[in-house]
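Inside the fold
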Amino acid sequence: MADRQTPKRSKGGVAGPAELEAYVASLYSILGYNVKTNVPLGGQQIDVLVERHLEGIGVTRIIVECKYKATGSVSNQDVFDTINTFGALMKLHGVSHCVMVTNTSFSQRAQDAADNDRLFRLVLLSDLEDDLVNVADSLLALKKGYESEQIFHEFLPQSAQGRLPYTKVDGQIDNILEATIEWIENFGEGFLTVLGDFGGGKTTLLRRLEYEFSSLFLQKRTRHRPLYFTLKDYSFYEGLDEFIASSVRQKYQRNMPSNVFWTLAREGGFLFLLDGFDEIITGVDRSDRAKTFLSLHRIISSGSPVILTCRPAYFVSNEELNDLIRQVNSRDGQKHPGLPGRWDAHLFNIGETTALARTSQFLFEKYVDNATLDPLMNLSSTVTHLEVFQPAQIDEYLKKFDSDFRNVSNSGWNEVKAEIEKIYDLTDLMKRPIMLSMIKDTILQGQIDIRRHNVIGGAFSLYDAYTSVNLKRDWGKSKGRKLLSEKQRQEYAQLIALTMFKRANLNVDHSEIVKVAKESPLLLGFSTDLSQLDPEQVAADIQVTTFLSRQGSSFRFTHKSFMEFFVAKSVVDKLSDQRMAKTSLTEPYTREIISFIGEAATVNPKLLSKVSTILLAQTNATKKRDDSDIIKRNAIGILLSGTEVIATDYFSNNHVWELSVRKRTIDGLVVRGTQWDYCGWHLVTLSKSSISQSHFIGWRVEGGSWTDVSFNGRLQDSHFEDVQFSNCVVAASTQKTIFQSCAFSGGALTVRGEFQVNSSAFKATNLSIDVGVGAISRLSFSNFENCELADIAGPHYRPVMIERCTFTDCQFVGFSPSSKFIERLLYEHQVFSKGLTADEERTIVLDRCAGILFIDEFDDRIKIGKQGFKAIGNVFLVAQGTLQSKIRSRTAFVKTLSNRFGKQYPQLLGRLEVAYPGIFKLPNDTPPKRQEDEQFAKRP
């Protein structure tokens, strides 16, 4: 936590002896006493002297002695001193008894001392307040009621960004609940604004604070009575006092006179929880929003700590709220002292901007009393922005329902989480408390069947159910929220989403929302009455209730996926309409939107059939439309997302781009002439299929398996990860293509160009490579077992870089590794073959391998002798140029290799002779061998 400033008020609520005396005097006054302060009596100064006429008894006179303690409790000596001082005065001046009031507590000995004198009473300040209003029974009922709710068991504290009142700098707040309680108990006042988009946990935080402070108050560990205000109901009342009175009756089950309420509030007797400032009323303009904000200033500046929640999107722009706060801070151009300078820029997470002329000074003249505004100017007012759940918090939440998950799906919480993460975008959405709860409920209600690894209706159904529920909830919140019907709000959400999509911009300025509001009656067929409404009122209604949040001076959906869902929903609606179906797929929808539409099609066979018909019509059309490629691409994407097993060739001679295929099976297809640009396959099973004469750019294949597949095409900027290849023949011209953590079993991999193979495994696979001029290719951290490796067209101009690979029972049919690999191989052979020790670990493993490795004979680092070859076991390092130019060296090499491989590797020898005739063909008139040649030939 950041460093805090010195507190203005003690935990007891009053700042010093004088404040305690004044507060106690005001409480007795409210109780009906005639109050005098600092009264001289018999030569003594009396803090408070109170009198009241009782029918049949007469005047009752009480001496009230106030004992302020910053820390500790009132001692028995304090009690004895007071009794001795005022004992004689009480008889002489007709005082019935004496009361000692403290803001802290009395020691046990002090209580014993007072019990011995019947004319002397000890009273805690909190007890005196309870004489005015005793809310303990109501808070106890509230506490028990909360403990019986599901949220009590589900609650998890969140983190936040920003700062609390009386802190100096913004920063990370790890536990906003604990930090807020600490601030309130240490300082006793201040104004905190908690920001968060819908479902971000704002209401949940306030309700938990209400519960915590109810418990603390009942334990007499705080003097702050929590009072929760549901601001969405504010507009039902004539004014603030009427709203407060109703809220007090609702929460405390009793009436509280206005003077009692404000007296307690002034001395920190409450914790005011103002929930949903954005929900007070939505169909308003800037002037109305300014009036509403200013109308709450008496609570904000009352003296009790205040927490207000709001969505950042409520104010239309940065300028609006900045100017509002700026004018509160100044009057006639004069800055009021005391208000933190960064408050106006951070209250609703906005930056410094120019003044807004529309919110004029007369609002403050009319609605703000200068005398009551002064406390607000000196109040520490700050903002925090709630953060989403972190992975550990999500785990903690799901663990709470482990037994429920097992009863419903026979799966533990960790299995449930793993399945959730497979559903599009739910990994991100479940970071929001409300979405995580909704996903959990959906699973427990059987909508997501973990046992069958099946999402019924998919993400589309989940989003549809969720948005429908929230639109209904928002529509019923208050009279201000009923400007648009539930259906109209959904149509507006779709229209705004389409506007964002067509503009390729996720932000919508207020002026654009106003424009949408003006055009929408014509576009969507709204009633005449709705078309007559003020566009700004409509826009204000939309921006708060259709999952929109504010980013800077513009608006966007609180989560990008909501925009994508609403666009997809509009397409689904059009596809279901015979008149609009033909034009429904003419826009280049994103892969996420296509996925949503496909998810909807999985549970709607008619929709899938309609899309298939559209694709067939475009494919067979004699006259090609300008948007034909877009229509076919969209249709193919929907069919891929909406069909579990793809057994129909939608791809030949078609161009598709930016599509995602997830958890699908493609079986028995013969595909020719297709082009895929920047598409993704995730956990796709491809079997018994052929793909040829095709081009793939930016193709990302993650997981899944290929079995009995023939592939011949171009791969550019492509990435294969965790893919299982079984009996596949893959021949690719590659450019910046990566195979990461893949497994090849049987078959063949032929690559021409630039590529990388990392952390992969090859078993009984033929690997043929042609790096090409100017390309760099690499094999790293991979295992090769019973494989055949070869150059496609002889020694490379640019050899293959090899790093930390293991070769077991492999055959090299003329393979060109890098000089670094050869140099390391020679070094390790020299060290380990002679039983020497080396500091480094062995990085190259050639177990039971045989064949030829070509070297760069012009690299001075490689020392294999003038003969042009060197054997390391059955692997020969060969300088091809030397052997071809020196007949004697070539003859010696051929005879040595024949002797080695003739019996053990005859097939390998035959393949080498066919592949490299320039090395193995010897002239018929070979001169007689010299003795040194014969000795050379006998060398191992």
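The residue count restarts for each chain, going from 1 along the sequence in the order it is written. In keeping with the model being predicted, local features are shown solely for residues with a pLDDT of at least 70 and side-chain atom pairs are shown and tallied solely at 80 or more, while totals for entire chains, interfaces and linings include all residues. Side-chain numbers here rest on the full set of heavy atoms in the structure, without hydrogens or water.

A few words on the overall build of the chain. Think of it this way: any DSSP run of H or I at least four residues long counts as a helix, any run of E at least two long counts as a strand, and we number them from the N terminus. Of regular secondary structure, the chain possesses 36 helices and 47 strands. Here the term buried applies to any residue with accessible area under 20% of the maximum for its type, exposed to any over 50%, and partly exposed to those in between, with areas from a 1.4 Å probe on protein chains only. Burial status across the chain gives 53% buried among its 940 residues. Only heavy atoms enter the contact rule, under which two residues are in contact if any of them lie within 4.5 Å. Put simply, of all contacts in the chain between residues at least 6 apart along the chain, 57% involve residues at least 24 apart. Values of accessible area rely on a 1.4 Å probe in the Shrake-Rupley scheme; residue burial ignores everything except the protein chains shown. By element, 48% of the accessible surface of the chain is carried by carbon and sulfur atoms, the whole surface being about 41200 Å².

This part is about empty space enclosed by the protein. Both cavities and pockets are sets of points on a 1 Å grid over the protein atoms alone; in a cavity a 1.4 Å probe fits but cannot get out, in a pocket the set is open with protein on both sides within 12 Å along at least five of seven lines, and lining residues sit with an atom within 4 Å of a point. Grid points are joined across faces, edges and corners, and a volume is the space filled by probe spheres set on the points. Counted according to the given criterion, the structure contains six cavities of 30 Å³ or more. Here the second largest cavity defines a volume of roughly 90 Å³. Lining the second largest cavity are Phe651, Ile666, Leu669, Val671, Thr674, Trp676, Trp681, Leu686, Ser689, Ser690, Ile691 and Phe696. Under the scheme applied here, ten amino acids are nonpolar (Ala, Val, Leu, Ile, Met, Phe, Trp, Tyr, Cys and Pro), four are charged (Asp, Glu, Lys and Arg), and all others, including Gly, are polar. Across the lining of the second largest cavity, the residue classes break down as nine nonpolar, three polar and no charged.

Buried together is how nonpolar side chains tend to be arranged in soluble globular proteins. Put simply, buried Ala, Val, Leu, Ile, Met, Phe, Trp, Tyr and Cys residues joined by side-chain atoms within 4.5 Å make one nonpolar core. Trp681, Trp706, Phe720, Phe725, Leu779, Phe784 and Phe807 are the most contacted members of the largest nonpolar core, which totals 103 residues. Top contributing element to this core by residue count: helix 27 (residues 560-575), with nine residues. Other than its neighbours up to four places away in sequence, Leu779 contacts Phe755, Val757, Leu767, Phe784, Val800, Met801, Ile802, Glu803, Cys805 and Phe815. With 54 residues, the next largest nonpolar core counts Leu20, Val50, Val248 and Val383 among its residues.

If you walk across this open sheet you meet the five strands as 1-2-3-4-5, and the pairing is mixed. Edge strands, defined here as strands with exactly one partner in the open sheet, are strand 1 (34-41) and strand 5 (120-124). Averaged over all neighbouring strand pairs, the angle between strand axes comes to 30°, with direction disregarded. Here the rule is simple: two strands pair whenever DSSP picks up at least two bridges between them. Where strand 4 (residues 97-102) lies against strand 5, five bridges are found, and the strand directions are parallel. If you follow Val99 over to strand 5, its bridge partner there is Arg121. Interaxial angle, 0 to 180 degrees, is taken between N-to-C directions of lines fitted to C-alpha atoms, where a helix line uses only the stretch in contact. Across the face of the sheet, helix 1 (residues 17-30) comes into contact with strand 1, strand 2 (44-54), strand 3 (58-67) and strand 4 while running at roughly 155° to strand 3. Sitting on the sheet, helix 4 (residues 125-132) touches strand 4 and strand 5, and the angle it makes with strand 5 is about 85°.

Here, a salt bridge means any Lys or Arg side-chain nitrogen found within 4 Å of an Asp or Glu carboxyl oxygen. Considering all chains together, one arrives at 25 salt bridges under this definition. Across the salt bridge formed by Arg223 and Glu129, the nearest N and O atoms sit 2.2 Å from each other. Placement of Arg223 in the loop between helix 8 (202-218) and strand 9 (225-230) and of Glu129 in helix 4 is noted, with a sequence separation of 94 residues between them. Of the two residues examined, Arg223 and Glu129, each falls in the buried class. We note a salt bridge from Asp170 to Arg163, for which the minimum N-O separation is 3.1 Å.

For the rest of this paragraph, the subject is the environment of Lys574. Here Lys574 shows up in helix 27. The exposure class of Lys574 is partly exposed, given its relative accessible area of 25%. Sequence-wise, Lys574 and Ser584 are ten residues apart; in three dimensions their C-alpha atoms are separated by 5.8 Å. Once residues within four sequence positions are removed from consideration, Lys574 is found in contact with Met580, Ala581 and Ser584.

The contact between helix 7 (residues 176-187) and helix 8 brings their axes to 11 Å, and the two run at 50°. By the angle between their directions, the pair helix 7 and helix 8 is classed as oblique. As helix 7 runs across helix 8, the sense of the crossing is right-handed. Taken together, the residues of helix 8 that come into contact with helix 7 (itself represented by Ile176, Leu177, Thr180, Ile181, Ile184 and Glu185) are Leu205, Arg208, Leu209, Glu212, Phe213 and Leu216. In terms of residue class, the contact of helix 7 with helix 8 is built from eight nonpolar, one polar and three charged. Each angle gets one of four labels, with under 35 degrees taken as roughly parallel, over 145 as roughly antiparallel, 65 to 115 as roughly perpendicular, and the rest as oblique. Crossing handedness follows the turn of the near helix against the far one: under a right angle anticlockwise gives a left-handed crossing, and clockwise gives a right-handed one.

For the rest of this paragraph, the subject is the pairing of strand 30 (residues 710-716). Where strand 27 (residues 690-697) meets strand 30, seven bridges bridge the pair, whose relative direction is parallel. Each residue of the ladder has a partner; that of Ile691, found in strand 30, is Phe711. The sheet contact formed by strand 30 and strand 33 (residues 729-740) spans seven bridges and is parallel. Following the sheet pairing, Asn712 is matched in strand 33 by Ala731.

With that settled, consider the pairing of strand 45 (residues 850-854). Extensive coverage of strand 45 is indicated by the burial of five of its five residues. Of the two faces of strand 45, the one carrying Ala850, Ile852 and Phe854 and the one carrying Gly851 and Leu853 are both buried. Looking at chain direction, strand 43 (residues 811-815) and strand 45 are connected through four bridges and run parallel. Pairing of Phe815 across the sheet is with Leu853, part of strand 45. Bridging between strand 45 and strand 47 (residues 874-878) involves five bridges; their strand directions are parallel. Bridging from a neighbouring strand, Ala850 pairs with Asn874 of strand 47.

For His97, the position within the fold is in strand 4. Polar contact is defined as a pair of N or O atoms within 3.5 Å, subject to the rule that within protein one atom must be able to donate a hydrogen and the other to accept it, and that residues adjacent in sequence are counted only when both atoms are side-chain atoms. Engagement of the side chain of His97 in a polar contact is seen with the side chain of Ser96, the distance being 3.1 Å. With residues up to four places along the chain from it excluded, the contact list for His97 reads Arg61, Ile62, Ile63, Met90, Leu119 and Arg121.

Attention now moves to the packing of aromatic side chains. Side-chain rings of Phe, Tyr and Trp, where Trp is taken by its six-membered ring, are said to pair if the distance between their centres is within 6.5 Å; with planes under 30 degrees apart they count as stacked, over 60 as edge-to-face, and otherwise as tilted. Scanning the entire structure with this criterion turns up 49 aromatic pairs. Ring geometry for Trp706 versus Phe720: centroids 5.9 Å apart, planes at 80°, classification edge-to-face. Of this pair, Trp706 sits in strand 29 (residues 705-707) while Phe720 sits in strand 31 (residues 719-721); the two residues are 14 residues apart in sequence, bridging distant segments of the chain. In this structure, Trp706 and Phe720 share a single accessibility class: buried. Ring geometry for Phe893 and Phe920: centres 6.1 Å apart, planes at 55°, overall tilted. Of this pair, Phe893 sits in helix 33 (residues 887-904) while Phe920 sits in helix 35 (residues 917-920), and the two are 27 residues apart along the sequence.

What follows is about the environment of Leu398. Secondary-structure assignment places Leu398 in helix 17 (residues 391-399). For Leu398, a relative accessible area of 1% puts it in the buried group. Here the alpha-carbon distance between Leu398 and Ser437, two residues 39 residues apart in the chain, equals 9.3 Å. Leu398 has contacts with Phe405, Trp413, Lys417 and Leu436, leaving out every residue within four places of it along the chain.

Residues at a pLDDT of 70 or more form 76% of the chain, whose mean pLDDT is 78. Confidence of the predictor in every single residue is expressed as pLDDT, which spans 0 to 100. Throughout residues 521-530 the model reports pLDDT below 50, and contacts reaching past four residues in sequence, or to other chains, amount to 15 contacts. Counting interchain partners and residues more than four positions distant, the pLDDT-below-50 stretch residues 925-940 has 14 contacts.

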